[in-house]
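Examination of the molecular architecture
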Amino acid sequence: MFRFGVLLSLLYLTACATSSVDMVKNYSEGTELGSDKGIVVARIVNASAYDWSFNYLTLAPKDFHADSDIKLQRLTKFSDMPKLQTLFAAPVNAGKYSIADLFSYHQVGDYYYQNWANTSPNFGTFTVEAGKVTNLGTLVYYHKPDGDRYHKLVARADDAEQALDEARRAVPDLFNLADSETLTWDEDEYEEERFDLFLNIAQNPIVYNKQVNRLDGSYVYLSKLGMMLRRDNDGNWLLDSVDTFHDLIHYSENNRGDEVLVDAGSNIFIKYGGSSEWQKGRIDCNFEQLEYIHLGNDGNVYAVLSFERQLEISMLEDFDNGALQVLKKYSKKLGGWLSEKEFDAKHDELLAEHTDLRIDTEKLLPKVRRVSTARKEDQAVLTVDKRFYLISFNESRVDEVESSFKPGTILRATNDAWLASSAAIFGSNFVSFNKGESWEKYSNQVRIDACPGENQEDAASRSDRRGARCLDGKVKFNQMNFVGLPLFYEDGTGYAILADTIRDIWKGTSETNFYFVSTDDRGETWENKNTDIPDHCVNLSKPPNSNDLLLGCANTTGRFYRSDRHDLNWILEFSPESF
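Residues numbered from 1 in each chain as written. Predicted model: local features only at pLDDT ≥ 70, side-chain atom pairs only at ≥ 80, totals over all residues. Heavy atoms only, no water.

On to the confidence of the model for the chain. If pLDDT is low for a region, its predicted coordinates should not be looked at in detail. Averaged over all residues, the pLDDT of the chain is 82; the fraction at 70 or higher stands at 81%. Low confidence marks residues 1-19, where pLDDT is under 50. Its contacts with residues over four positions away, or in another chain, come to 34 contacts. (pLDDT = per-residue confidence, 0-100. Contact = heavy atoms within 4.5 Å.)

What the four strands build is an open sheet, ordered β13-β14-β15-β16; its pairing is antiparallel. This sheet does not close on itself; its edge strands, each paired only once, are β13 (208-213) and β16 (237-241). Pairwise comparison of adjacent strand axes, ignoring direction, gives a mean angle of 20° for this sheet. (Pairing = 2+ DSSP bridges. Helix = DSSP H or I, 4+ residues; strand = E, 2+ residues; numbered from the N terminus. Axes fitted to C-alpha atoms, helices over the stretch in contact; angles between N-to-C directions.)

Applying the stated rule across the entire model yields 25 salt bridges. Arg214 serves as the salt-bridge partner of Glu253, at 2.9 Å between the closest nitrogen and oxygen. Separated by 39 residues along the polypeptide, Glu253 in strand β17 (residues 248-253) and Arg214 in the loop between β13 and β14 (219-223) bring together distant segments of the chain. Here Glu253 falls in the buried class, since its relative accessible area comes to 8%. Asp344 is the salt-bridge partner of Lys329, the closest N and O atoms lying 3.3 Å from each other. Of this pair, Lys329 sits in strand β24 (residues 324-331) while Asp344 is found in helix α5 (residues 340-352), placing the two residues 15 residues apart along the sequence. (Salt bridge = Lys/Arg side-chain N within 4 Å of Asp/Glu carboxyl O. Buried < 20%, exposed > 50% of the residue type's maximum accessible area, 1.4 Å probe, protein only.)

Now for the packing of aromatic side chains. Overall, the coordinates contain 30 aromatic pairs when judged by the stated rule. Arranged with centres 4.8 Å apart and planes meeting at 55°, the rings of Tyr221 and Phe560 form a pair that is tilted. In this pair, Tyr221 sits in strand β14 while Phe560 sits in strand β42 (residues 560-564), placing the two residues 339 residues apart along the sequence. Neither residue differs from the other here; Tyr221 and Phe560 are each classed as buried. (Phe/Tyr/Trp six-rings, centres within 6.5 Å; stacked < 30°, edge-to-face > 60°.)

This next bit is on the sheet that holds strand β33 (residues 440-442). Strand pairing in a sheet is mediated by backbone hydrogen bonds. Such pairs are either parallel or antiparallel. Ordered in space as β30-β31-β32-β33, the four strands form an open sheet in which the pairing is antiparallel. The sheet terminates laterally at β30 (409-413) and β33, the two strands that pair on one side only. With direction set aside, neighbouring strand axes in the sheet form an average angle of 35°. Where β30 lies against strand β31 (residues 418-421), four bridges are found, and the strand directions are antiparallel. If you follow Ala413 over to β31, its bridge partner there is Trp418.

What follows concerns the environment of Thr182. Note on placement: Thr182 falls in strand β12 (residues 182-183). It is 5.8 Å that separates the C-alpha atoms of Thr182 and Thr134, two residues lying 48 residues apart in sequence. When neighbours within four sequence positions are excluded, Thr182 is seen to be in contact with Val133, Asn135 and Leu164.

As a further point, take the pairing of strand β29 (residues 397-401). With five bridges connecting them, strand β28 (residues 387-392) and β29 associate as antiparallel partners. Across the sheet, Ile391 pairs through a bridge with Val398, a residue of β29. Counted along the chain from β28 to the antiparallel partner β29, the turn is four residues long, and its residue Ser396 has a positive phi close to 50°.

Assignment of secondary structure puts Gln379 in strand β27 (residues 379-384). Sequence-distant contacts of Gln379, defined by excluding residues within four places in its chain, comprise Tyr292, His294, Leu390, Ile391, Ser392 and Phe393.

A few words now on the state of the cysteines. By definition, a disulfide is the covalent link that joins the sulfur atoms of two cysteine residues. For the coordinates displayed, the defined rule picks out one disulfide. Sulfur-sulfur distance for the disulfide between Cys537 and Cys553 comes to 1.8 Å. What sets the handedness of the Cys537 and Cys553 disulfide is the S-S torsion sign, and at about 65° it is right-handed. Here Cys537, found in the loop between β39 (527-528) and β40 (539-541), pairs with Cys553, found in the loop between β41 (548-552) and β42; they are 16 residues apart in sequence, far enough to count as distant. (Disulfide = S-S within 2.5 Å.)

What follows deals with the nonpolar core. Grouped together as the largest cluster of nonpolar side chains are 23 residues, with contacts concentrated most on Leu57, Leu59, Leu75, Ile99, Leu102 and Phe126. The contacts of Leu102, once residues within four sequence positions are left out, are Ile44, Phe54, Tyr56, Leu57, Asn115, Trp116, Ala117, Leu139, Tyr141 and Val154. (Core = buried A, V, L, I, M, F, W, Y, C linked by side-chain atoms within 4.5 Å.)

Its twelve residues give helix α4 (residues 191-202) an end-to-end C-alpha distance of 16 Å, which sits within 8% of 16 Å, the value for a rise of 1.5 Å per residue. Listed in full, the buried residues belonging to α4 are Arg194, Phe198, Ile201 and Ala202. Angularly, the buried residues of α4 cover 100° about the axis, an arc narrow enough to put them on a single face. The secondary structure elements touched by the buried residues of α4 are β10 (133-146), β11 (149-157), β15 (227-231) and β16. (Expected span 1.5 Å × (residues − 1). Arc of directions from axis to C-beta.)

Of all the six residues making up β27, five are buried; the element is thus mostly covered by neighbouring parts of the structure. Of the pairings in the sheet, the one linking strand β26 (residues 372-376) to β27 comprises five bridges and is antiparallel in character. Paired with Ala374 across the two strands is Val381, which belongs to β27. Here β26 hands over to β27 after two residues, with Glu377 in that stretch at a positive phi of 55°. Here β27 pairs with β28 via five bridges, running antiparallel. In the sheet register, Val384 faces β28, and the bridge partner there is Arg387. Connecting β27 to the antiparallel partner β28 that follows it, the hairpin turn spans two residues, and Asp385 within it adopts a positive phi of roughly 50°.

In structure tokens, the structure reads:
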């Protein structure tokens, strides 16, 4: 993150040297190509932990270095795609080109964020011809860890047809305007080298979108580029993939051994028990609306969808075109969960009561906030509007569940304990050891009773203070909180990673130290275990039927460390490079 104002930020955008770059406008409906232009279509996938999409793509003429009068062509993104993907579709002068760099620039107020990556000399060339589309497929950006450093890599994915299909959906009239023949990369002797680079990136994920507990207690880790990492109950690590370059975002299974995956492009994949092949289909929704996927023991796929002012529970009717059958709709104002017919009738009645044109009828229903869902055998527990509901999908039934506490959001559900936070009680977190039937509050900050050598009577007066740390013999209070979620066991013991951030506002510096802490009283108090935390890893999980702990390095190195929870001697169990 940088803060130098707009002027400095424009220097890179307008030119590497002041006059060496032409900014190319996007294609739009009605664009006149002229007699000397073709259209370049490309997709960029950010497969790193960098949080911003690449919104600029720079093309270099083949003889750019031989003739300094020829300018670079900088394309601006045509549109954002799901999960840090970007689509480009722009008219470009006819000629032969290569990719100079990918560039990411985003400004928020006085702050701007930027990142760029150059391609290798053997990245390849392509030709743009007047009146034709040149499809470059997918370009992948990857942040390869190397000790304390990272290497910026750009690879080409072999998915020209898949990328072209997505471009056609986004820019349908572009392909009616242009010649039916579509061009792509020129053939050369470096194809095998480039494929090996992409394969290395795909098989060494360092970013995991979600960790999912399977019914048998094992784990799957959903990643980018259609990749999924599995850890079975014997400690074996397996890599699986499906036919997509989108992020995987949802996973479910049933007790028959069937599995289902959904990606950020609204593609759905099903693998039936005993088969090794994934079948591909569609689900008719935006991935951002999809809260939960449930593969029932009846073999049907169910979905919980969240819209701004209503929830829907649906069943996937047609695997090929993604058609959904709505089973239930929800709005607190209309009376909770209703059939689609009942919901629509009550909604029409509400609209009829408000015929005043000055009223925004879209806002008659309150917004739906803080939806969360966790699996419970062949049902699911859903929280919304501080209420618990038990969903029986195959019966199209939703029952409200009485509980001693109505949390706003279920944060994590394991066989040992469920974690939740309260929307009503600021900063409060709760744990349940009986699958949501009762809840008790746990502390998410560490108590410091005394500094070393401090008078114990003085320390006793401090014992109710939380979020404190001992610095230079004095108790300080300064952003000392859990990173991620704690991990609880049925016996009430628990473990967590604590971050202690010390900021100097005058020097503009900050330093964060990480600590491994434990509790034996259900989170009432926490103790520093004084163990080193490898690679600043903060993702804790528990293998089934084991006293071990797993420590994951999602978004840093992609490694996993294992330790017995009693001795905390961390051993490297898995590294992406082992594939």
